[in-house]
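Chain by chain, the residues run as shown.
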Amino acid sequence: MAVNPALVISPAASIREALEAITKNSRQAVVVVEADGRLAGLVTDGDLRRAMLRGLSLNDPITQAMNARPTVAPATTDRGEALARMRARRMRHLPLVDGAGRLVDLVWLEDLLDTGRIPNHAVLMAGGDGKRLRPLTDAIPKPLLRVGGKPILEVLMERLRAAGVQTFHITVRHKSEMIEEHFGDGSRHDVTIRYIREDEPLGTAGALTLLRETPRDPFFLVNGDILTKCDFRGMLAFHRRAGAEVTVGTVRQQIDLQYGVVEVEGDRLTTLSEKPRLDLRINGGIYVIEPSVLARIPRGRVFDATDLIRLLLADGGPVAAFPIRDYWLDVGRLDDFHKADRDVAEGLLD
C-alpha cells in the first residue's frame, strides 16, 4: 500500500483518534483500513461533525461515524479519469482499490488540480458532413448530436480536459456557425478554444496547415466523432518514450466472419476455416504528433492523417502504436450513435 500512514487508521480507533489524525495530516480525511489491507471506510471532518450532532462521543468507535461505503475506483484508474470522476461527483477524496478491495492509493482533488494541467494542445476534427448519420445531421452538425444529454464533441473535450489539456483547436466547415455558437471561446468549459475554418475539405492532416501558430509541444489530433476513455496522459508519455514522430492510438477489434474462408494454391484448396474470428488492431482516430511533422504536410490539398503516416513510414520515420484498452467508439453510423447515447447515459464514460 502506497498511502501515507498518517492518512490511515484502524477500525478499532476511536472518534478522538480519527480527529487527531485528521488534525495532524491537514488533509481533512483519513481512511479506515483493516489489518489485511482491505478498505473499511472513509472519514472526513464533515463526518465527524455530523457524528457529534447525532450525540456520539469522542470515545465512541470510528466505525459508528465513518462512511462504510465510500465511492472507490480501480487501482488502474489514471489521473485524468480520476479527476473527471471526482469533478462529476464533487468529491475531494477517491480511494483506489485492487480486485480484493485492498487500498492501493488515495487520490486528492487538490493534488490533481495543482498538477493536472499540461501544455499540450488538442486539435479536434469537427468539419465533416456526417453523411452516414443522415437524417440526424440534416439540421445539426454531427459533433453537436447529443449522447447521454451532451454533444459528442463536448464529451470528448471533457475527457481531454480531465487529462490536463487546456487549449483546443476545432476544425469547422459544415454548419460551422452552430459549433462556434455552442462552444464559443471555451471560457464556459474552462478551456481556450480556437477555430480552424476550412473553406474546402483538406483532410484530417491537411487542416493542420491552417493552424495560426505551430505548437511548441507534441499535440493530440482526434477525430471529433470519437467517444473514448483513452488514457491521454499515458499515450503522451508512451509517445515520448518511443521517440516517435507520430503515435497512433490503436483499438483491438474482433470480427466474426459469416462464411468459411479458404486458401487456394493453383486449382487446389489447401485449407478451410469455418466462420473464423479475426483479431485485428485498427486505427482509433487518435494521434500524438510532433510539431516538426507539420512541415511535411502539403498545403492546399486533401491530405489525411493516414497519408501522413504512410509518408513517414516510407521515409523510415518512427511511428508508434499505442494500444487503447479502455472504452472506444467511433460514432459513424446510426447504430453507433444509439449505442453511444445508451453508453453515456449509463455512465460507461464516467
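Calculation notes
- Residues numbered from 1 in each chain as written.
- Predicted model: local features only at pLDDT ≥ 70, side-chain atom pairs only at ≥ 80, totals over all residues.
- Heavy atoms only, no water.
- Pairing = 2+ DSSP bridges.
- Helix = DSSP H or I, 4+ residues; strand = E, 2+ residues; numbered from the N terminus.
- Axes fitted to C-alpha atoms, helices over the stretch in contact; angles between N-to-C directions.
- Core = buried A, V, L, I, M, F, W, Y, C linked by side-chain atoms within 4.5 Å.
- Buried < 20%, exposed > 50% of the residue type's maximum accessible area, 1.4 Å probe, protein only.
- Contact = heavy atoms within 4.5 Å.
- pLDDT = per-residue confidence, 0-100.
- Left-handed = near helix turned anticlockwise from the far one by under 90°.
- Nonpolar A, V, L, I, M, F, W, Y, C, P; charged D, E, K, R; others polar.
- Polar contact = N/O pair within 3.5 Å; in protein donor to acceptor, adjacent residues only side chain to side chain.

Overview of the sheet that holds strand β7 (residues 122–125)
If you trace the seven strands from one edge of the open sheet to the other, you get β11-β10-β7-β12-β17-β14-β18, paired in mixed fashion. Of all the strands in the sheet, just β11 (192–197) and β18 (319–324) have a single pairing partner and so form its edges. Strand-to-strand twist of the sheet, defined as the mean angle between neighbouring strand axes without regard to direction, takes the value 30°. Bridge count for β7 against strand β12 (residues 219–223) is four bridges, and the pairing is parallel. Among the inter-strand pairings, Ala-122 is bridged to a residue of β12, identified as Phe-220.

A look at the nonpolar core
Generally speaking, soluble globular proteins have nonpolar side chains that are buried together. Of all hydrophobic cores here, the largest spans 32 residues; its most connected members are Leu-124, Leu-160, Phe-168, Ile-170, Phe-220 and Ile-286. Per element, the largest residue contribution to this core is four residues, and it comes from helix α5 (residues 152–162). In this structure Ile-170 touches Leu-124, Ala-126, Leu-153, Met-157, Ile-179, Ile-193, Arg-194, Tyr-195 and Ile-196, once residues within four positions along its chain are discounted. Counting 21 residues, the second-largest nonpolar core is a separate cluster that includes Val-123, Ile-196, Leu-221 and Leu-294.

Some details on the confidence of the model for the chain
Within the chain, residue pLDDT values average 85, and 93% of them lie at 70 or more. Per-element averaging of pLDDT across the chain places helix α4 (residues 109–115) at the bottom with 67 and β12 at the top with 94.

Notes on the sheet that holds strand β4 (residues 73–74)
The sheet built from three strands is open, its strands ordered β4-β5-β6 with mixed pairing. If you trace the sheet from one side to the other, it starts and ends with β4 and β6 (103–108), each paired once. Summarising the sheet, strand β5 (residues 93–97) and β6 pair through five bridges and their orientation is antiparallel. Paired with Leu-94 across the two strands is Val-107, which belongs to β6.

Some remarks on the packing of helix α1 (residues 15–25) against helix α2 (residues 45–53)
Taken N-terminus to C-terminus, the directions of α1 and α2 make an angle of 145°; their axes are 10 Å apart at the nearest point. Along this stretch, α1 crosses α2, giving a crossing that reads as left-handed. For the pair α1 and α2, the contacting residues are Ile-15, Ala-18, Leu-19 and Ile-22 in the first and Asp-45, Leu-48, Ala-51 and Met-52 in the second. Looking at the contact of α1 with α2 residue by residue, the class counts come to seven nonpolar, no polar and one charged.

Observations regarding the side chain of Thr-228
Along the polypeptide, Thr-228 turns up in strand β13 (residues 226–228). For Thr-228, a relative accessible area of 1% corresponds to the buried category. Among the polar contacts made by the side chain of Thr-228, one reaches the main-chain amide nitrogen of Cys-230 at a distance of 2.9 Å. Within the structure, Thr-228 has its side chain in polar contact with the backbone oxygen of Tyr-327 (distance 2.8 Å). Non-local contacts of Thr-228, meaning those with residues more than four positions away in its chain, are made with Leu-156, Arg-159, Ile-286, Ile-324, Tyr-327, Trp-328 and Leu-349.

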